[in-house]
Amino acid sequence: MNEEQLNQEQIEELNNLASLPKEEQQAELQKFLKKLSPEQIEFLKKQQGNGCIFCSITEGKIPSNVIYEDNHVIAVLDINPASRGHTLVIPKKHYAVTALMPDKEAEHLFNIANKISKALFDNLKSEGTNIFVANGVIAGQNVAHAVVHVIPRYKDDGLNFFWAGKKANDKDMGDIKKLLAGKIKIEEEKKIHKIEKKKIDYPEEERIA
Ligand SMILES: [Zn+2]
């Protein structure tokens, strides 16, 4: 793990802080900050909504080429595109990584990314797309605000997302399976029914530009 990153426990502690009453929050925050390394404090500053470049984009403070917007997400053209039509799908609420998003919001984010992908096939004649998420500095995340990249692919675009696979060890595969199987939980069914009822809040497909 990169030394400037917060661990899962620290992220949870920070989220709990956010839900405290204002007067308690400040004192608790000071205690929390004392436990962090200077690198972590720097990282944290970048995570805050204030000064977050993606929050500035979603709030319209930084002009951008918006191709889709609803109450929850905005999709803009990347100003340093990997390829023609490279689009960033950004949740409007500040989440440092996608793992912190509630199911409902994550579902919507990835659904819109999928629709952007379709629009790239249909309207920019892309021959393929890569849908890419970097969670954490070590994974190549350089802005601490969750984002889904939708990268259209063209013949001879020079991009390469392949990696060299390593030979798996049977025992380790068994251990990993034990560690993960049954740990992937989705929010309860009754909440999902609520989402279905609220579907009307979400935009219609034709709103994609
Ligand atoms: Zn942000």
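All residue numbers here refer to positions counted from 1 along the written sequence of the relevant chain. Restriction of local features to residues with pLDDT of at least 70 applies here, the model being predicted, together with a cutoff of 80 or more for giving and counting side-chain atom pairs; totals for whole chains, interfaces and linings are based on all residues. Hydrogens and waters are ignored; side-chain quantities use all the structure's heavy atoms.

Chemist: I'd like a description of the overall build of the protein, backed by residues and values.
Modeler: A run of H or I in DSSP counts as a helix once it spans at least four residues, and a run of E counts as a strand once it spans at least two, with each numbered from the N terminus. Check the secondary structure of the protein and you find seven helices and five strands. Reading the helices (α) and strands (β) of the protein from amino to carboxyl end gives α-α-α-α-β-β-β-α-β-β-α-α. Three labels apply to residues, based on accessible area from a 1.4 Å probe with only protein chains included: buried if under 20% of the type maximum, exposed if over 50%, partly exposed otherwise in between. A burial count over the protein gives 33% of its 209 residues as buried. By definition, residues are in contact when any of their heavy atoms lie within 4.5 Å. Of the contacts made within the protein by residues no fewer than 6 positions apart, 59% connect residues no fewer than 24 positions apart. Accessible area for the protein stands at about 14,300 Å²; split by element, carbon and sulfur atoms hold 54% of it. In this description, accessible areas are obtained by the Shrake-Rupley approach with a 1.4 Å probe, and a residue is regarded as covered only by the protein chains that are shown.

Chemist: Please provide a residue-by-residue account of the nonpolar core, values included.
Modeler: Nine residue types can take part in a nonpolar core, namely buried Ala, Val, Leu, Ile, Met, Phe, Trp, Tyr and Cys, and a core is a set of them joined through side-chain atoms within 4.5 Å. Val 89 and Ile 116 are the most contacted members of the largest nonpolar core, which has 15 residues in total. Elements represented by at least two residues in this core include exactly β2 (73–77), α5 (103–123) and β5 (148–153). Top element by residues in this core is α5. It accounts for six residues. If we skip the residues at most four places from it in the chain, Val 89 touches Val 73, Ile 74, Ala 75, Leu 109, Ile 112, Ala 113, Ile 116, Val 147, Val 148 and Val 150. Listed in part, the 10 residues of the second largest apolar core include Cys 52, Ile 74, Ile 90 and Val 147.

Chemist: Quick rundown of the sheet that holds β2? Include the residues and the values.
Modeler: When DSSP finds two or more bridges between two strands, those strands count as paired. Taken together, five strands build an open sheet; the order of strands is β1-β2-β3-β5-β4 and the sheet is antiparallel. Each of the sheet's edge strands pairs with one partner strand only, and the pair in question is β1 (66–69) and β4 (128–132). The sheet shows a mean angle of 15° between the axes of neighbouring strands, direction not considered. Sheet topology places β4 next to β5; five bridges connect them, and they run antiparallel. Residue pairing in the sheet places Thr 129 in a bridge with Pro 152 of β5. To obtain an axis, a line is fitted to C-alpha atoms, over the contacting stretch when the element is a helix, and the angle between two such axes runs from 0 to 180 degrees between their N-to-C directions.

Chemist: Describe in detail the coordination of the zinc ion, supporting the description with residues and values.
Modeler: Ideal donor angles around a metal are set by the shape: a four-donor tetrahedron calls for 109.5 degrees, a six-donor octahedron for 90 or 180 degrees. Listed donors are limited to N, O and S atoms within 2.8 Å of the metal, widened to 3.2 Å for Na, K and Ca; water is not among them, so incomplete-looking sites are possible. Binding of the zinc ion to the protein goes through Cys 52 (SG), Cys 55 (SG), His 94 (ND1) and His 145 (ND1), at separations of 2.0 to 2.3 Å. Each of the four donor atoms around the zinc ion contributes to a set of angles spanning 103 to 117°, which defines the coordination as tetrahedral. Site shape is set this way: if four donors have all angles between 85 and 135 degrees, tetrahedral; if opposite donors are over 155 degrees apart and all others between 65 and 115, square planar for four donors and octahedral for six; otherwise irregular.

Chemist: I'd love a proper account of the pairing of β1, names of residues and values included.
Modeler: The pairing of β1 with β2 spans three bridges and is classified as antiparallel. Bridging from a neighbouring strand, Val 66 pairs with Val 76 of β2.

Chemist: Can you tell me about a nonpolar patch on the surface, naming the residues and giving the values?
Modeler: Within the patch definition used here, like charges are joined within 9 Å and nonpolar side chains (Val, Leu, Ile, Met, Phe, Trp, Tyr) within 5 Å, considering only residues with over 30% relative accessible area and no salt bridge. Here a salt bridge means any side-chain nitrogen of Lys or Arg lying within 4 Å of a carboxyl oxygen belonging to Asp or Glu. A surface patch of nonpolar side chains, amounting to about 530 Å² of accessible area, comprises Met 173, Ile 176, Leu 179, Leu 180 and Ile 184. Within the fold, Met 173 resides in helix α6 (residues 170–180).

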